[in-house]
Amino acid sequence: MASGGPLRGTATADRPAEETVLRVDGLSKTYRSRRGDRTANAGIDLEVRAGEILALLGPNGAGKTTLLRQIAGQLLPSAGRITIGGIDIVRHPIPAKEILSVIPQECEPKANLTVEEHVRYFALLKGADPAGIRPYVDALLTRTGLAAERNRLVRELSGGLRRRVLIAVALAAPNLRLLLLDEPTTGVDPEARRAVWQLVDALRAERIAVLLTTHYIEEAEYLADRVAVIDHGRIVAEGSVDAIRQRLDHAGRLEVRGLDHLTPAGRALLDELERRYPVGFRAGNTERLRVADPFSPAASADLARLAALGIVASLGPVSLEDAYLALVGNGRSEEGG
Amino acid sequence: MSPGVGRSVAQFAVVFRMLFKETTRELAIILGFTIVFPVGLLFFLNHLVAPDLRSQVLVGTIMLEMALLNINALAQSIGQDKQTREFDLWVSLPISPVVYVLGTAAVLLPFSIVSALITLAVAVGAFGLAIAWTTVPLLLLGLVLVWGSTMGIGYLIGVFGTSPRQISANAQIIGLILTLFTPVFYPVSALPALLQPVAYLWPLTWGAQTLVAILDGATRTALVGGIALAVYVTIWLVVIARGPRWREA
């Protein structure tokens, strides 16, 4: 599976006829050093439309952050073109940056400024009208759930609230059309993560285009209209979550847990199942088998046999995670094993 | 003033306000010490030198404080921003690198100026240094030019450094070399003949010469020095505007 060129899926059919905010054409980035060249991005084509959320998934070192930093104007491309709202960010960085905001990975707000000061100063730098700055900041603080914290210094805030301050700073841009988020919820607790998701999700209504990188599959599933999977600096698949799932040549998965506590009878049953269903993924205590039809009587019967032996197992449709692991090679490396 | 310049000036004012507030909250006590630190040095140096070199010692003391503080603070601020990834945030803002650098560098300028005025007052009150008070505005202008003429050094140390520790070490070493091994505490004529032309490559040499000339009422020398410092400021502004390491290659 996942053979052939990048998947474009049903993107055209899925997407409304919105204008393209971000367009990336043939983007490449090669880092040159005395120890040799390293290509971080190779021939990337991408676009994000107004009101659309595109999640960029990929393993560590796949080139996600390099791509985002080039789009944000922090890093110059080796080749290719990036336009934001039709403006080339390499040739005209300041007008392009008027309409984009970015939250860099692991960025910390200023510890000795208050929440309100952060939002006010950054809004002014991004072109907010000084005469109307107070109501503008008030509205942003309310919207991001930070109104009660407005006079607190950032150093007094929890990690989740600090992340929210960065989001408020990113949104403090009157002409915002593109928001770039580099792993926006890494290191925050589940509750704070949900709060960030809701804030990002709400941007759709304002026709703001969002490009986010993430390690969390559930984050992409929750937020993204489309997903692009990047591996070794190349986009290996792009499309809606459904389109990427459909790329797999099987519709279901049989997940078996507790591999290190199997009885001889359980081991024998699993060996039998592995002969009938290819192993899609195995990590630690868990194995996923590829099942052509998770709703077939045969699959249900196999699940019942596992349960009868006290083995924890579940049957269901393939997830984005299955497709992702197959695309970036983790699944292939475990196949047949 | 063109709209672009007007906007940059407004952005500079915002950056300055933001960073001034942050810095004074974080470093209030240290900044207080920084203001009075040169006075002790002035006592020490005044004890060592002949009375006719007192204006040179005063200028050297002020220059040491200003150059060291300016180079160190700017380089370390940039190093800190790089470590916290805030530098990426600055780069992605619709501002010129000049706005960021000027705003960051200007944060400590008021402290340097207050420090210089205190040092000057001590030199007059305690050591009887005779100066015309009408020269004070010119002296302040000279100090701003000295500040601007060393700004690029701090910027380059900051953006080319690989870690805050390395940036801090580089800034301190380079700052000390620039102040101790260039003729700020002694006249250029005290250098070996071979080194005298070389000394004029450093902005601090011009800075010291200009400030001494202002104190001594040597208008022509002060003017030439002021022009030389303005050339340095212009060169640094052009270098910074071109943004080496602002957008990584």
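Residues numbered from 1 in each chain as written. Chains lettered and ligands numbered in written order. Predicted model: local features only at pLDDT ≥ 70, side-chain atom pairs only at ≥ 80, totals over all residues. Heavy atoms only, no water.

Draft legend 1. Spotlight on the overall build of chain A. Along its length, chain A carries 13 helices and 14 strands. A total of 337 residues make up chain A; the buried ones form 56% of that total. Within chain A, contacts between residues at least 6 apart in sequence are counted, and of these 71% link residues at least 24 apart. Only carbon and sulfur atoms are counted for the fraction: they give 50% of the accessible area of chain A, which is about 14,100 Å². Both charge centroids of chain A, one from 44 positive and one from 44 negative side chains, sit 5 Å from each other. (Helix = DSSP H or I, 4+ residues; strand = E, 2+ residues; numbered from the N terminus. Buried < 20%, exposed > 50% of the residue type's maximum accessible area, 1.4 Å probe, protein only. Contact = heavy atoms within 4.5 Å. Areas by Shrake-Rupley, 256 points an atom, 1.4 Å probe, with all protein chains shown as cover. Lys, Arg positive; Asp, Glu negative; His and termini not counted. Charge placed at Lys NZ, Arg CZ, Asp CG, Glu CD.)

Draft legend 2. Just the side chain of S101(A), in detail. Residues and elements named next belong to chain A. Position of S101 relative to the elements: it lies in strand β6 (residues 100-103). A polar contact is formed between the side chain of S101 and the side chain of K126, at a distance of 2.9 Å. Not counting chain neighbours up to four residues away, the residues in contact with S101 comprise K126, A170, A173, L176, L178, L179 and L180. (Polar contact = N/O pair within 3.5 Å; in protein donor to acceptor, adjacent residues only side chain to side chain.)

Draft legend 3. Representation of the confidence of the model for chain A. Residues and elements named next belong to chain A. Per-residue confidence for chain A gives a mean pLDDT of 86, with 92% of residues at or over 70. With pLDDT under 50 throughout, residues 1-16 is counted as low confidence; its partners more than four residues away or in other chains account for 37 contacts. Predicted confidence is poor over residues 331-337, with pLDDT under 50, and the contacts of this stretch with residues over four places away or in other chains come to 15 contacts. (pLDDT = per-residue confidence, 0-100.)

Draft legend 4. Focus on unusual backbone geometry. Positive phi is not limited to glycine here, since H232(A) has a value of about 50°. Note on H232(A): relative accessible area 66%, which makes it exposed.

Draft legend 5. The arrangement of the domain arrangement of chain A in detail. Domain annotation for chain A reports domain 1 (11-246) and domain 2 (252-317). Computed from C-alpha atoms alone, the centre-to-centre distance between domain 1 of chain A and domain 2 of chain A is 39 Å. (Domains from an automatic or database assignment.)

Draft legend 6. Structural context of the sheet that holds strand β1 (residues 20-31) of chain A. Residues and elements named next belong to chain A. Pairing in this open sheet of four strands is antiparallel, and the strands run β2-β1-β4-β5 from one edge to the other. At either end of the open sheet lies a strand with only one pairing partner, and these are β2 (38-49) and β5 (87-88). Two strands pair when backbone bridges link them, and β1 and strand β4 (residues 79-84) are joined in this way by five bridges, in the antiparallel orientation. Of the residues in β4, the one forming a bridge with V24 is I82. (Pairing = 2+ DSSP bridges.)

Draft legend 7. Spotlight on the pairing of strand β13 (residues 286-291) of chain A. Residue and element names in this part refer to chain A. Across the six residues of β13, six count as buried, placing the element largely inside the fold. Judged by which residues are buried, β13 turns out to be covered on both faces: T286, R288 and R290 on one side and E287, L289 and V291 on the other are all buried. By the bridge criterion, five bridges tie strand β11 (residues 252-256) to β13 in an arrangement that is antiparallel. By the bridge assignment, G252 is partnered in β13 with V291. Here strand β12 (residues 279-283) pairs with β13 via four bridges, running antiparallel. From the neighbouring strand, F281 faces β13, where its bridge partner is R288. With antiparallel pairing between neighbouring strands as the criterion, β12 and β13 make up a hairpin whose turn holds two residues, including G284 at a positive phi of roughly 55°.

Draft legend 8. Spotlight on the interface of chain B and chain A. Chain B puts 28 residues into the contact, and the matching count from chain A is 35 residues. Between chain B and chain A, the buried area comes to about 3,000 Å², and carbon and sulfur atoms account for 58% of it. Our count for the contact surface shared by chain B and chain A stands at eight salt bridges. Residue R7(B) pairs with E98(A) through a salt bridge whose shortest N-O separation is 2.3 Å. The interface formed by chain B and chain A contains 16 residue pairs in polar contact (both at pLDDT 80 or more). Taken together, the elements giving at least two residues each to the side of chain B that touches chain A come down to α1 (3-48) and α3 (86-91) of chain B. A per-element tally of the side of chain B that touches chain A places α1(B) first, with eleven residues. The residue makeup of the side of chain B that touches chain A, split by class, is twelve nonpolar, four polar and twelve charged. (Buried area = accessible area lost by both parts, 1.4 Å probe. Salt bridge = Lys/Arg side-chain N within 4 Å of Asp/Glu carboxyl O. Nonpolar A, V, L, I, M, F, W, Y, C, P; charged D, E, K, R; others polar.)

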